[in-house]
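Chain residues, written in single-letter form:
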Amino acid sequence: MKKLILIGFGSIGRFHLSKMLNAHVYIVDPKFALKNFAKDIRKKDNIKVYKKVTDLPKLDFHGATISNWGPDHFDSFRSLVKLGVKNFLIEKPLVDSLYDLYELEKIKKKLKLKI
């Protein structure tokens with residue numbers, strides 16, 4: 001079973017999760033981790049919830065979906081690259097500056113990532 005990371009569990013993150021239910025999903029969302037909601041999600045054996053990317057276990061993840069707050073997308077991307085993630089689905093906006101866009105492109109080419 002694939003291991004996937006989902007960053008952000010707002011309305012868009014919930015939509016993405018609905019497409020990932022046949023995988024092991026590691027949700028990262030500080031608000032979701034703190035609140036006691038979506039109890040049905042927390043009861044599933046294939047779904048784990050974390051407060052920060054740095055809390056994730058050191059595993060070989062197949063890919064990640066980034067659907068948190070737009071200005072945080074690039075920082076989330078860089079954190080996931082450090083974990084060794086190679087495949088990404090990033091909600092718009094990818095970045096919030098041209099500089100970050102060029103940086104994302106350099107990282108993508110250098111590490112042969114799929115975005």
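Placed above this text is the structure.
Residues numbered from 1 in each chain as written. Predicted model: local features only at pLDDT ≥ 70, side-chain atom pairs only at ≥ 80, totals over all residues. Heavy atoms only, no water.

> If you had to explain the pattern of salt bridges to someone new, which residues and values would you point to?
The tally for this structure, following the rule as stated, stands at three salt bridges. The shortest N-O distance in the salt bridge between E103 and K106 comes to 2.9 Å. Of this pair, E103 and K106 both sit in helix α5 (residues 98-111), separated by three residues, roughly a single helical turn. Looking at K106, the relative accessible area reads 51%, which means it is exposed. Close ionic contact of K109 with E105 constitutes a salt bridge, the shortest N to O distance being 3.6 Å. Taken as a pair, K109 and E105 lie in helix α5 at a separation of four residues, close to a single helical turn. (Salt bridge = Lys/Arg side-chain N within 4 Å of Asp/Glu carboxyl O. Helix = DSSP H or I, 4+ residues; strand = E, 2+ residues; numbered from the N terminus. Buried < 20%, exposed > 50% of the residue type's maximum accessible area, 1.4 Å probe, protein only.)

> Outline a nonpolar patch on the surface, supporting the account with residue identities and numerical values.
A grouping of L94, L98, L101, Y102 and I115 is seen on the molecular surface, where their side chains present a nonpolar patch of about 460 Å² in accessible area. Mapping L101 onto the fold places it in helix α5. Judged by relative accessible area, L101 falls into the partly exposed class, the value being 33%. (Patch = residues over 30% accessible without salt bridge, like charges linked within 9 Å, V, L, I, M, F, W, Y side chains within 5 Å. Areas by Shrake-Rupley, 256 points an atom, 1.4 Å probe, with all protein chains shown as cover.)

> Could you give an account of the pairing of strand β1 (residues 3-7), naming the residues involved and the relevant values?
With four of its five residues buried, β1 lies for the most part within the structure. Summarising the sheet, β1 and strand β2 (residues 24-28) pair through five bridges and their orientation is parallel. Within β2, the position partnered with L6 by the bridge is I27. After leaving β1, the chain enters helix α1 (residues 11-18) and then returns to the sheet as β2, a path that is right-handed. Here four bridges tie β1 to strand β4 (residues 63-66), and the two strands are oriented parallel to one another. Its bridge partner being in β4, L4 is matched across the sheet by G63. (Pairing = 2+ DSSP bridges. Right-handed = clockwise from strand over helix to strand, strands pointing away.)

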